[in-house]
Amino acid sequence: MTGARVTGAGGNGPLLKVENLRIALQGDGVTFNAVENVSFEIGRGEAFGLVGESGCGKSITALSVMGLLRRPLSLGGGRIVLDGEEIQDASAAEMRRLRGKRVAMIFQEPMTALNPLSPVGRQIAEMFVLHQGASWREAMDRAEEALRQVRVPSPERRIRDYPHQLSGGMRQRVMIAIALACGPDLLIADEPTTALDVTVQAEIIDLMAELCAAKGTAILMISHDLGLVANMCNRVAVMYAGRIIESQVADAIFATPSHPYTRGLIDSLPRLGERARRGRQRLTEISGVVPSIQAYPAGCRFNPRCPAVTDICRTTVPEATSLPADGIVRCHHHG
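Report follows, based on the coordinates. (Residues numbered from 1 in each chain as written. Predicted model: local features only at pLDDT ≥ 70, side-chain atom pairs only at ≥ 80, totals over all residues. Heavy atoms only, no water.)

1. Some thoughts on the side chain of Ser247
Within the secondary structure, Ser247 is located in strand S10 (residues 243-249). Its relative accessible area of 12% is what places Ser247 among the buried residues. Here Ser247 is in contact with Val236, Ala237, Leu323, Gly327 and Ile328, once residues within four sequence places are set aside. (Helix = DSSP H or I, 4+ residues; strand = E, 2+ residues; numbered from the N terminus. Buried < 20%, exposed > 50% of the residue type's maximum accessible area, 1.4 Å probe, protein only. Contact = heavy atoms within 4.5 Å.)

Right, dumping it as structure tokens:
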């Protein structure tokens, strides 16, 4: 990867503001909070990272912004404000108008996100027809140009291909073309390189960053890949068991993490030359697993896995403590 970050484009107020978000899970007559008290802001043109292990609630947080939560999940409370407009209670029709035009999403697996029965060119062209009133002839011409912008070779031929005829990297480029077709203000990228090899991952991330910077599009990057987030994002929030436990500017969170969970994630990363210096020691790992939604522990939800746990951690939910540069940490023993 080039390591070039997407930089904010300024503007008055945040583009996206998520405030005290709660996502409820209905199960066997009981309601659980899958996501609780989640708050963050993304500025215009900014790249914001949301990281954590699988099962922490990152993807369903993104789906709530898109208005795509489905039963047994539902929005249980909080506010989602896009460019000054509250959208948490928007109707299905209103969200359909927003999706693609104002906010777009790239999903983890393009093979399941793309329509297998429709040529990829038509799927891109549909965005121009639905949101910009283009004719199908004009839309297909623009779809070809969109494929050219995401560097798909021979776009005049590829627009007639079906998803199964493309490689994983090419399918992800098609997803980027669809997402950015109408110049949305916000792009949500949910693990966009999970199924790709390392070389293709770097190409996709660089392409996404380049196109978003050119269009002034903000990015919400959801990932468990800390290296990817460190290279691309301005600010990072760390999520654990449905809560954000730390949020800082990217350089600070990787240089001086404040929460034991964040430190554990960073310590588990392999480093060049580390094996030569330390011999054949194993990588540091965080013991245990993320608890299930039905079994979140009392107090700090990380306490069963935390090496610094004390009695207060097991009984009392830690409040947010301010860090420099508008950062926060939720830990009784942070620092």
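The structure having been displayed, the exposition proceeds.
2. Quick look at the pattern of salt bridges
Tallying each qualifying case throughout the model produces 18 salt bridges. For Arg301, the salt bridge goes to Glu36, with nearest N and O atoms at 2.5 Å. You can see Arg301 sitting in the loop between helix H12 (274-278) and helix H13 (311-315) and its partner Glu36 sitting in strand S2 (residues 30-42), a full 265 residues away along the chain. Among the residues examined, Glu36 registers a relative accessible area of 22% and is labelled partly exposed. When salt bridges that share partners are traced, they join Lys17, Glu19, Glu41, Arg79 and Glu86 into one network. (Salt bridge = Lys/Arg side-chain N within 4 Å of Asp/Glu carboxyl O.)

3. A few points about the packing of helix H7 (residues 168-180) against helix H8 (residues 198-215)
Working note: a packed helix pair is described by the angle between its axes plus the distance between those axes. Running from N to C, H7 and H8 point in directions that differ by 15 degrees, and their axes come no closer than 11 Å. When the interaxial angle is binned, H7 and H8 end up roughly parallel. The element H7 and its partner H8 pack so that their crossing is right-handed. Contact with H7, carried on its side by Gly169, Gln172, Arg173, Ile176 and Leu180, involves Val200, Glu203, Ile204, Leu207, Met208, Leu211, Cys212 and Lys215 of H8 and no other residues of that element. Partitioned by chemical class, the residues of the contact of H7 with H8 number eight nonpolar, two polar and three charged. (Axes fitted to C-alpha atoms, helices over the stretch in contact; angles between N-to-C directions. Parallel < 35°, antiparallel > 145°, perpendicular 65-115°, else oblique. Left-handed = near helix turned anticlockwise from the far one by under 90°. Nonpolar A, V, L, I, M, F, W, Y, C, P; charged D, E, K, R; others polar.)

4. Describing the pairing of strand S6 (residues 103-106)
Taking every second residue as pointing to the same face, both faces of S6 are buried, with Val103 and Met105 on one and Ala104 and Ile106 on the other. Pairing of S6 with strand S7 (residues 186-190) involves four bridges; the strand directions are parallel. Note that in S7 the partner of Met105 across the bridge is Ile188. (Pairing = 2+ DSSP bridges.)

5. Brief notes about empty space enclosed by the protein
Scanning the entire structure with this criterion turns up four cavities of 30 Å³ or more. Put simply, the largest cavity is a space of about 80 Å³. Residue composition of the lining of the largest cavity, grouped by class: six nonpolar, one polar and three charged. Put simply, the second largest cavity is a space of about 70 Å³. Around the second largest cavity, the lining is made up of 13 residues, and of these Cys300, Cys306, Cys313, Cys331 and His332 lie nearest the centre. Of the residues belonging to the lining of the second largest cavity, the class tally is eight nonpolar, four polar and one charged. (1 Å grid on protein atoms, 1.4 Å probe; cavity = no way out; pocket = protein on both sides within 12 Å on 5 of 7 lines; lining within 4 Å. Points joined across faces, edges and corners; volume = space filled by probe spheres on them.)

Purely spatial values, then, with no claim about function.
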